[in-house]
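Here is what each chain is made of, one letter per residue.
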Amino acid sequence: MALLAGLAVVAEIVLAVAGGPGAAAAGAAAIVIIGLLIARYVAGAEAIDGSYRRAVRLVHQREPSLQGWAAAVEAARESAAGFERVLRPELERLYAVRLADRHGVSLYREPERAAAIVGEDVFAWIDPRRPGYTGPLPPRRTLDRRAQSANYPPPIPDVVLRALVHRLETL
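A short tour of the structure in this document, coming up.

The rules behind each value
- Residues numbered from 1 in each chain as written.
- Predicted model: local features only at pLDDT ≥ 70, side-chain atom pairs only at ≥ 80, totals over all residues.
- Heavy atoms only, no water.
- 1 Å grid on protein atoms, 1.4 Å probe; cavity = no way out; pocket = protein on both sides within 12 Å on 5 of 7 lines; lining within 4 Å.
- Points joined across faces, edges and corners; volume = space filled by probe spheres on them.
- Helix = DSSP H or I, 4+ residues; strand = E, 2+ residues; numbered from the N terminus.
- Nonpolar A, V, L, I, M, F, W, Y, C, P; charged D, E, K, R; others polar.
- Contact = heavy atoms within 4.5 Å.
- Patch = residues over 30% accessible without salt bridge, like charges linked within 9 Å, V, L, I, M, F, W, Y side chains within 5 Å.
- Areas by Shrake-Rupley, 256 points an atom, 1.4 Å probe, with all protein chains shown as cover.
- Salt bridge = Lys/Arg side-chain N within 4 Å of Asp/Glu carboxyl O.
- Buried < 20%, exposed > 50% of the residue type's maximum accessible area, 1.4 Å probe, protein only.
- Core = buried A, V, L, I, M, F, W, Y, C linked by side-chain atoms within 4.5 Å.

1. Points about the layout of surface pockets
When its volume is computed, the second largest pocket comes out at roughly 230 Å³. Trp69, Val73, Arg77, Leu87, Leu91, Leu94, Asp158, Leu161, Arg162, Leu164, Val165 and Leu168 are the residues that line the second largest pocket. At the level of secondary structure, the elements contributing two or more residues to the lining of the second largest pocket comprise helix H3 (66-78), helix H4 (80-103) and helix H7 (158-170). Ranked by the residues each element gives to the lining of the second largest pocket, the list is headed by H7, at six residues. Each residue belonging to the lining of the second largest pocket can be placed in one class, and the counts come to nine nonpolar, no polar and three charged.

Dropping the structure here:
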């Protein structure tokens, strides 16, 4: 900024010497307008709507629509694999953003502090250190009860899903 201010003063002197008072006045007006535009940019005006800056992304994926959330919850209610593969990554991302935004805690770098804030009962379900489900995938919505054998872990209880959402809202 000091360099730009110095250049502006030098340009104004050159305009006054070479062009007279009219050129000096036009140069001063141009310098003031450019200075205001730079100040507006630095202050962040139009940062979101005007594409002057890239959007800050805390996460590297797009936001799911409400239909996507309904499908994620349905997958979690159908099987443990559905929770682990579909809903858990989304909830983990939301918890990470909320903890960073409201509490200044990184879910990934400070899991002990995050667990203390979230609560151990809920944190166990979104703990990034927890290994993912690697078992066999259960059959997709079948009416045949014999296809749903004991080899597949039961789906996540609705009480747990409600607790995860409630705790996220209270953070």
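Read on for the rest.
2. A look at the environment of isoleucine 31
Residue placement: isoleucine 31 occurs in helix H2 (residues 21-43). Through-space distance from the C-alpha of isoleucine 31 to that of glutamate 12 is 8.6 Å; in sequence the pair is 19 residues apart. Not counting the four nearest positions on each side in its chain, isoleucine 31 is found in contact with Ala8 and Glu12.

3. Structural notes on a nonpolar patch on the surface
On the surface, a nonpolar cluster with roughly 490 Å² of combined accessible area is contributed by Met1, Leu3, Leu4 and Leu7. Within the secondary structure, methionine 1 is located in the segment before helix H1 (2-19). Relative accessible area serves as the criterion here: at 72%, methionine 1 is assigned to the exposed category.

4. What about the nonpolar core?
Counting residues in each nonpolar core, the largest one holds 23 residues, and the members touching the most others are Phe83, Leu87, Tyr95, Val118, Phe123 and Leu164. Within the residue set of this core, elements represented by two or more residues are H3, H4, helix H5 (111-118), helix H6 (120-126) and H7. Examining the composition of this core, we find that six residues originate from one element, H4, more than from any other. Beyond its immediate sequence surroundings of up to four residues, tyrosine 95 is in contact with Val118, Val122, Ile126, Ala163, Leu164, Arg167, Leu168 and Leu171.

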